[in-house]
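# Reading the structure
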Amino acid sequence: MPPGGETPPYGPSGENKAMTAPIPLWEFVDVSKAYPGVLANDRVCIKLLAGSIHGLLGENGCGKSTLIKTLSGVQQPDSGQILFNGQPVVISDPQAARQLGIATVFQEFSIVPTLSVGENIFLGNMPRSRFGVIDWKKVHADAAAVLAELEVDIPTEAITGSLSVGEQQLVEIAKAVAMDARMIILDEPTAALGEDEIERLHGLLRKMRDRGVAILYVSHRLDEVERIVDEVTILRNGRLVEELMVAGREVLRRDQVMDGVAEMLADVQVEATFPDGT
């Protein structure tokens, strides 16, 4: 805070103009994507910073899923650029995304329910002995180390299908950690979770953020804006209509966040999510 207690000037995305802005880990620059009869993304610009949880909000059909698929390598943009550490890259397919350190946790989990937790964490990348056979002892030891790092108490020998939905989601995130992901995308991560599981997930995401991981958190639940994200991007009809800074950035108070989100998502009943403004 400068002398006199005045708030420094911030740009449209919340950057302090008086300071050198960090280079985003990932950045969309005028990215557009069209389907027959629909312009799903229209010149969207988003900066995703390392060590930050970035919320992506908007009603169904606003273009959130299209952006996720583009960053995950599922599809290619029609125009615009995707920058990685300031350099243009082409994410040709999901394998290319993984090689660039991007992990995506979709609403439909990619785990195999009949396999153990350890097998799922290293599925497709099993540790092997010098003879080329799977080293099962190392699979479970390394999986246990990943879970311990995340402070998740789930036996690696447990059959994944026997776990709760919240625990299965934690296994998905453990998979991302095992592949050393620097960018994690979560698509509506709390849709099927209870309140205790949401708090557990949010605690884990904060730990990963504090370790420098960039997290794109896609949600339609406005109450999660204040609880977990640091920045918010709001989409409507494929266009970016607002960017807001939220947690720990001394830029917006809670009522400002609520007003901004309510204005941009006019069809969402904010009162139902934040009763009496609390």
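Computed from a predicted structure; not experimentally measured.

What follows deals with the overall build of the chain. Looking only at helices and strands, one finds 9 helices and 10 strands in the chain. When the 278 residues of the chain are sorted by exposure, 46% land in the buried category. Considering only intrachain contacts with a sequence separation of at least 6, the fraction spanning at least 24 residues in the chain is 64%. Counting every atom, the chain has about 13800 Å² of accessible surface; 52% of that belongs to carbon and sulfur.

Within the largest apolar cluster, 42 residues are counted, with the highest numbers of intra-cluster contacts made by Val117, Ile121, Leu150, Ile173, Leu205 and Met208. In terms of residue count, the dominant contributor to this core is helix α5 (residues 165-178) (6 residues). Beyond its immediate sequence surroundings of up to four residues, Ile173 is in contact with Val105, Leu186, Leu201, Leu204, Leu205 and Met208. By size, the runner-up hydrophobic cluster in this structure holds 23 residues, among which are Trp26, Met183, Val218 and Leu235.

A separate point is the sheet that holds strand β4 (residues 79-84). Backbone-to-backbone hydrogen bonds pair the strands of a sheet. The strands run either parallel or antiparallel. The antiparallel open sheet is built from 4 strands, whose spatial order is β2-β1-β4-β5. The open sheet has two free edges, formed respectively by β2 (38-48) and β5 (87-89), since each of these has just one partner strand. When the angles between neighbouring strand axes are averaged without regard to direction, this sheet yields 35°.

What the rule picks out here adds up to 11 salt bridges. With a shortest N-O distance of 3.1 Å, Lys138 and Asp142 are connected by a salt bridge. Of this pair, Lys138 and Asp142 both sit in helix α4 (residues 136-149), 4 residues apart, which is roughly one turn of the helix. Assessed through its relative accessible area of 38%, Lys138 is described here as partly exposed. The exposure class assigned to Asp142 is partly exposed, which follows from its relative accessible area of 23%. Measuring nitrogen to oxygen at the nearest pair gives 3.3 Å for the salt bridge that ties Asp210 to Arg209.

The subject of this paragraph is the environment of Thr104. Among the secondary structure elements, Thr104 is positioned in strand β6 (residues 102-105). The spatial distance from the C-alpha of Thr104 to the C-alpha of Asp187 is 7.8 Å, given a sequence separation of 83 residues. Look past the residues within four positions of Thr104 in its chain and what remains in contact with it is Ile68, Ser72 and Ile185. A distance of 2.7 Å separates polar atoms of two side chains, one belonging to Thr104 and the other to Ser72.

This part covers the side chain of Glu27. Note that Glu27 resides in strand β1 (residues 26-35). The buried charged residue Glu27 lacks any salt bridge, with Lys47 as its nearest oppositely charged partner at 4.5 Å.

What counts, and where the lines are drawn
Residues numbered from 1 in each chain as written. Predicted model: local features only at pLDDT ≥ 70, side-chain atom pairs only at ≥ 80, totals over all residues. Heavy atoms only, no water. Helix = DSSP H or I, 4+ residues; strand = E, 2+ residues; numbered from the N terminus. Buried < 20%, exposed > 50% of the residue type's maximum accessible area, 1.4 Å probe, protein only. Contact = heavy atoms within 4.5 Å. Areas by Shrake-Rupley, 256 points an atom, 1.4 Å probe, with all protein chains shown as cover. Core = buried A, V, L, I, M, F, W, Y, C linked by side-chain atoms within 4.5 Å. Pairing = 2+ DSSP bridges. Axes fitted to C-alpha atoms, helices over the stretch in contact; angles between N-to-C directions. Salt bridge = Lys/Arg side-chain N within 4 Å of Asp/Glu carboxyl O. Polar contact = N/O pair within 3.5 Å; in protein donor to acceptor, adjacent residues only side chain to side chain. Lys, Arg positive; Asp, Glu negative; His and termini not counted.

So far we have only geometry, and geometry alone does not tell us how the molecule works.
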